[in-house]
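# Inside the fold
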Amino acid sequence: KVLARRGGGRRLGVGAGVGASRRHPRPAMASQFGSLKTEAGLKEFNDFLAGHSFVGGAGSVTQADFECLEQAATGALEQFPHVQRWCKHLRALKLAFPYRQWPRSGGSAGASGAGAGASRGGAAGGAKKDQANLEGLLPNAEMGKVCTRFPPEPSGYLHIGHAKAAMLNNHYARHYKGKLILRFDDTNPSKEKAEFEESIQADLATLQIIPDKVSHTSDHFDKLQAMMEKLIKEGKAYVDDTQVEQMRSERDAGVESARRKNTVEENLRLWGEMLAGSAEGLKNCVRGKMDMTHKVKCLRDPVFYRCKTDTPHHKTGTKYKAYPTYDFACPCVDAIEGITHALRTIEYADRDAMYKWVLEATGSRHVELVEFSKTQMSHTILSKRKLTWFVDKGYVEGWNDPRFPTVQGILRRGMTVDALLEFALTLGMSKATVLMEWDKIWAINKQKIDPVVPRYTAVGKDDAVLLKLDGPDQPVCVMDKKHPKNESLGERLIIQSKQVWVEQEDAAAIEQGEQVTLLHWGNCYIDQINRSKDGKVTGMVGRLNIGGNVKDTKKKIHWVSKLDDQVTPVVLRELDHLVTKPKIEDDDVMENIINPTSVVDTMAIGDPALKTLSKGTSIQLERRGYFIVDSIAFPPGKGMVLIKIPDGKAKDMGMTSKVDVKKLQGARGEKGEKGDKKDKTADQPAVETNGKAAAPASKKAEPKAKAAAGKPAERSLDDISRLNILVGKITKVWPHPEAEKLYCEEIDLGEPSGPRTIASGLRHHLKQEEMQGQKVVVLANLKPRKMQGFESQGMVLCATSNDGKVELLKPPAEAKVGERVMVEGVEMLEADEKLNEKTGKAPLPVCSPGMRTTADRKAAYRGAVWMTSAGPVACNSAGDGQIS
């Protein structure tokens, strides 16, 4: 593990830190001392720490310290007092701040949330394996001069899509040592509230994003009115009273409005009426005089100002009667506030020309537009209008409901800020919009929490089985580690007694006479099993065998002592999708896709120590999974509520969940699994719900059947991961005997069945010897077809330049035959088994326009480069060419 100096990729060892100037100390690296588990290594490390507080050499702790701590010896360190002091301090910090993201090198922790201390590649010490490349994506960026902005409308709470945008803007502002502006786009008073502004600022603070300046579009209303009046005087805008429906139909047909030819004087008069909010003014809007025949319809004389008097502005009250639209205000205010780079989602691509037109028409300074993909998650509503509907109708508790994709909702469900940041940076600035599953972000989150969350136990109350043992006459208390691999978390109290509760699921699997292991206690023999008429276990009797070898048992089970006055009553809450449809469309009727059983509660008997936990604490219940405390066990007798945290896996940890994890937000499902397997939860007993399921309590609707999340046919047609593009090698090539344009090829794709036969129309473009033995990329999930009697089982992909030259796309020589070609920044889900070729259902025609080579001749999809394990796929000369 190495550290990179801030702002550079040079790797430094501890030797560079010893003797470095105090003003510019260089970070140290544990490996430079040798093993920190040996006396020699510890002595050298102790000598270093005699003159330094921390490994980085600076006055504050960094991630380098914790990386060294992982390698340090855990035994007695009295003879190394400086190492001992350093270890105690770091372990105390880990205990006090288990989720904090420490900076990679000298810098404030507060800035670390978005890349403080980042090297040129994004994160110091090199980007993670699957982290997107964020370098070089801001055109004309200069160190110290970059200014970005995050411009939310204060009409709702931040959700995961907003969080990604905020993190990217913050990342680049910090990376270039520039400035980030938080600007509230408060141009629509009927939707905006001060409450939402406060929540947005609080959420950003939670995400460790601290803007350098907070502003409002309303701060510039006077300037914007002056700029609009100037456009009207110059004949670049006009006032129009055309009815909404007629304006829409005229725009569709490319027909100019009758008011387009108004005189400047008449436009100014009507503009005055709008500013006054008169009856006549309310009938009008201001439109930019662009091009009514433009092929992009949103550029046909867009509306730039409208009149609103029904609701006072939450900040300016009734001072203004006319308000600018986002399309006009955004570029103008970007220029006014000195924004250098405006980061926008790809959905605004059609409006880029409008943004530039406004800047030019108003004589404003240039602003660089930089686009990235819009966040789309499976079974997830990101429309603020639809989210507001759920809140207003009472289907959720509020904007912080743990089923919501809001920042507050997903953090309440157990997401960590670190995982959210890593996920955002993994997506990076990719322009490829795909419908992503939740499994990746929850898997990242599991990596963050697993090393630092304590372990406890709970047994399901329904049909819990009482196991009577020959144990101690009185309960005995013993101490054990809260985490088997993290001593810094301390110890927890375990109470052993003669009677313990075990799970019905475990008891049903145990055979009479079998030896099992009681976790954190020892082995025992099950001498007697009592069952009811329906086969359920009603009780068991066992003998302890504490000296037995745990390796001799097949079953390791958890348990809770029968101490009725001390156990913790617990509600284990599992959450399913709020809606039953993977991709939400604009015209979807919410009532038709609500999941009536999105909340499933299980009553449980909990470890007595659970009473000590505070709200928001994340834990692991052994063999059940990860949970977060949503409600504490107070007052006495009240059950605490634990919400299950998804872990990104398609299998239960031990106990069977009542919500199918293969269909859950957090697990895409295992490859090759069929959707017709019997649901394991079908035989579970009826469950209690908390009355907040996503359907009114009076409706006793049955759960709607849902296809497995991530099933290719349910994903969007422009999802490039539905195409199975593989690295292949042409082992044999010959001219097709009956088709003068075709070559016949045998191509090795690393498949057990041997090479595939593929026909390619390349005889007029490439010589036979130019193809023989070449590594190529092949679209491998096309349906086989006969090409003049020759069966073709795929398609060799090529690039065609603007002048018609065709050449092979080539993976690096070191690329492995048979490996799948990935797309940078894109969640590469399971490809379709065979691509659908029916009109309206075929992914390939939809993806094809975005499959082009970049200016530097790399294969890409919507600008995102195609990658192999050895590097990018490229061609020799066809830059900006079509891939087919």
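Numbers given for residues are sequential positions, taken from 1 along each chain in its written order. With the structure being a predicted model, the display of local features is reserved for residues of pLDDT at least 70 and the display and counting of side-chain atom pairs for 80 or more, all residues being used for whole-chain, interface and lining totals. To get the side-chain values, all heavy atoms of the structure are used, and hydrogens and water are removed first.

Quick look at the environment of Gln 246 now. Runs of E in the DSSP output that reach at least two residues are strands. Runs of H or I that reach at least four are helices, and both are numbered from the N terminus. Looking at the element boundaries, Gln 246 is found in helix 8 (residues 244-253). Whether a residue is buried, partly exposed or exposed follows from its accessible area with a 1.4 Å probe, protein chains only, as a fraction of its type maximum: under 20%, in between, or over 50%, in that order. Residue class for Gln 246 comes out partly exposed when judged on its relative accessible area of 41%. Linking Gln 246 and Ser 257, residues 11 residues apart in sequence, is a C-alpha distance of 9.3 Å.

For helix 13 (residues 384-393), the complete set of buried residues consists of Lys 384, Lys 386, Leu 387, Trp 389 and Phe 390. Considering only its buried residues, helix 13 is in contact with helix 5 (160-175) and helix 18 (590-593). Gly 394 sits one or two positions beyond helix 13 and adopts a positive phi of about 80°. Note on definitions: a residue-residue contact is assigned when non-hydrogen atoms from the two residues lie within 4.5 Å.

Close approach of charged atoms allows side chains with opposite charge to pair. For this document, the term salt bridge refers to a Lys or Arg side-chain nitrogen within 4 Å of an Asp or Glu carboxyl oxygen. Scanning the entire structure with this criterion turns up 43 salt bridges. The salt bridge involving Arg 412 is made with Glu 397; its shortest N-O contact spans 2.9 Å. On the criterion of sequence distance, the pair formed by Arg 412 in helix 14 (residues 407-412) and Glu 397 in the loop between helix 13 and helix 14 is long-range, its members being 15 residues apart. According to the relative accessible area criterion, Arg 412 is buried, its value standing at 17%. Linked by salt bridges that have partners in common, Arg 149, Arg 183, Asp 334 and Glu 337 make up one network.

The next thing to look at is the confidence of the model for the chain. Confidence of the predictor in every single residue is expressed as pLDDT, which spans 0 to 100. Counting all residues, the mean pLDDT for the chain is 84, and 84% of those residues have values of 70 or more. Within the model, pLDDT remains below 50 along residues 1-31, and this stretch shows 73 contacts once partners closer than five positions in the same chain are excluded.

Along strand 28 (residues 625-631), 7 of the 7 residues are buried, which leaves the element largely enclosed by surrounding structure. Two strands qualify as a pair provided that DSSP identifies no fewer than 2 bridges between them. By the bridge criterion, 4 bridges tie strand 27 (residues 618-621) to strand 28 in an arrangement that is antiparallel. Within strand 28, the residue paired with Ile 619 across the bridge is Phe 627. The antiparallel hairpin formed by strand 27 and strand 28 contains 3 residues in its connecting segment, where Arg 623 sits at a positive phi of about 65°. In terms of strand pairing, strand 28 meets strand 29 (residues 640-645) through 5 bridges, oriented antiparallel. Bridge pairing in strand 29 links Phe 627 to Lys 644.

The next point concerns the nonpolar core. Ile 160, Leu 809 and Trp 866 are the most contacted members of the largest nonpolar core, which has 79 residues in total. Those residues in contact with Ile 160 that lie beyond four places of it in its chain are Thr 375, Met 377, Leu 382, Pro 405, Ile 410, Leu 420, Phe 423, Trp 438 and Ile 441. Side-chain atoms within 4.5 Å are what join buried Ala, Val, Leu, Ile, Met, Phe, Trp, Tyr and Cys residues into a set we call a nonpolar core. By size, the runner-up hydrophobic cluster in this structure holds 28 residues, among which are Phe 221, Val 239, Leu 270 and Phe 328.

As a general point, the strands of a sheet are linked pairwise by backbone hydrogen bonds and lie either parallel or antiparallel. On the basis of which strands lie adjacent, the open sheet formed by 3 strands has the order 3-4-5 and parallel pairing. Of all strands in the sheet, those with a lone pairing partner are strand 3 (147-150) and strand 5 (213-216), marking the two edges. Taken pair by pair, the neighbouring strands of this sheet meet at an average axis angle of 30°, ignoring direction. As judged from the 4 bridges shared by strand 3 and strand 4 (residues 179-184), these two strands associate in the parallel manner. The axes are straight lines fitted to the C-alpha atoms, using for helices just the contacting stretch, and the angles between their N-to-C directions are given from 0 to 180°.

Two cysteine sulfurs form a disulfide in these notes if their separation is within 2.5 Å. Applying the stated criterion across every chain yields a total of 0 disulfides. Among the cysteines around Cys 330, which has no disulfide bond, Cys 332 carries the closest sulfur, lying 9.2 Å off. Here Cys 330 falls in the buried class, since its relative accessible area comes to 3%.

What follows is about the packing of aromatic side chains. Here is the rule: rings of Phe, Tyr and Trp (six-membered ring for Trp) pair when centre to centre is within 6.5 Å. Planes less than 30 degrees apart are stacked, more than 60 are edge-to-face, and the remainder are tilted. Using the criterion set out here, one finds 19 aromatic pairs in the structure. Geometrically, the ring pair formed by Phe 221 and Tyr 320 is edge-to-face, given 5.1 Å between the ring centres and 80° between the ring planes. Taken together, the residues span a long stretch of sequence, with Phe 221 in helix 7 (residues 221-233) and Tyr 320 in the loop between strand 8 (303-307) and strand 9 (322-324) at a distance of 99 residues. Tyr 320 sits in the buried class, given a relative accessible area of 8%. When the centroid spacing of 6.1 Å and the interplanar angle of 70° are considered together, the rings of Trp 399 and Phe 404 count as edge-to-face.

Turning to helix 7, a few remarks are in order. Helix span, expected: 1.5 Å multiplied by one less than the number of residues in the helix. Between its terminal C-alpha atoms helix 7 stretches 18 Å, which fits the 18 Å expected from 13 residues at 1.5 Å a residue. Within helix 7 the residues assigned to the buried category are Phe 221, Leu 224, Gln 225, Met 227, Met 228, Leu 231 and Ile 232. Viewed end-on, helix 7 has its buried residues packed into an arc of 160°, placing them on one side of the element. Backbone geometry just downstream of helix 7 places Gly 235 in the positive-phi region, at approximately 75°. Note that the arc is defined by the directions from the helix axis to the C-beta atoms.

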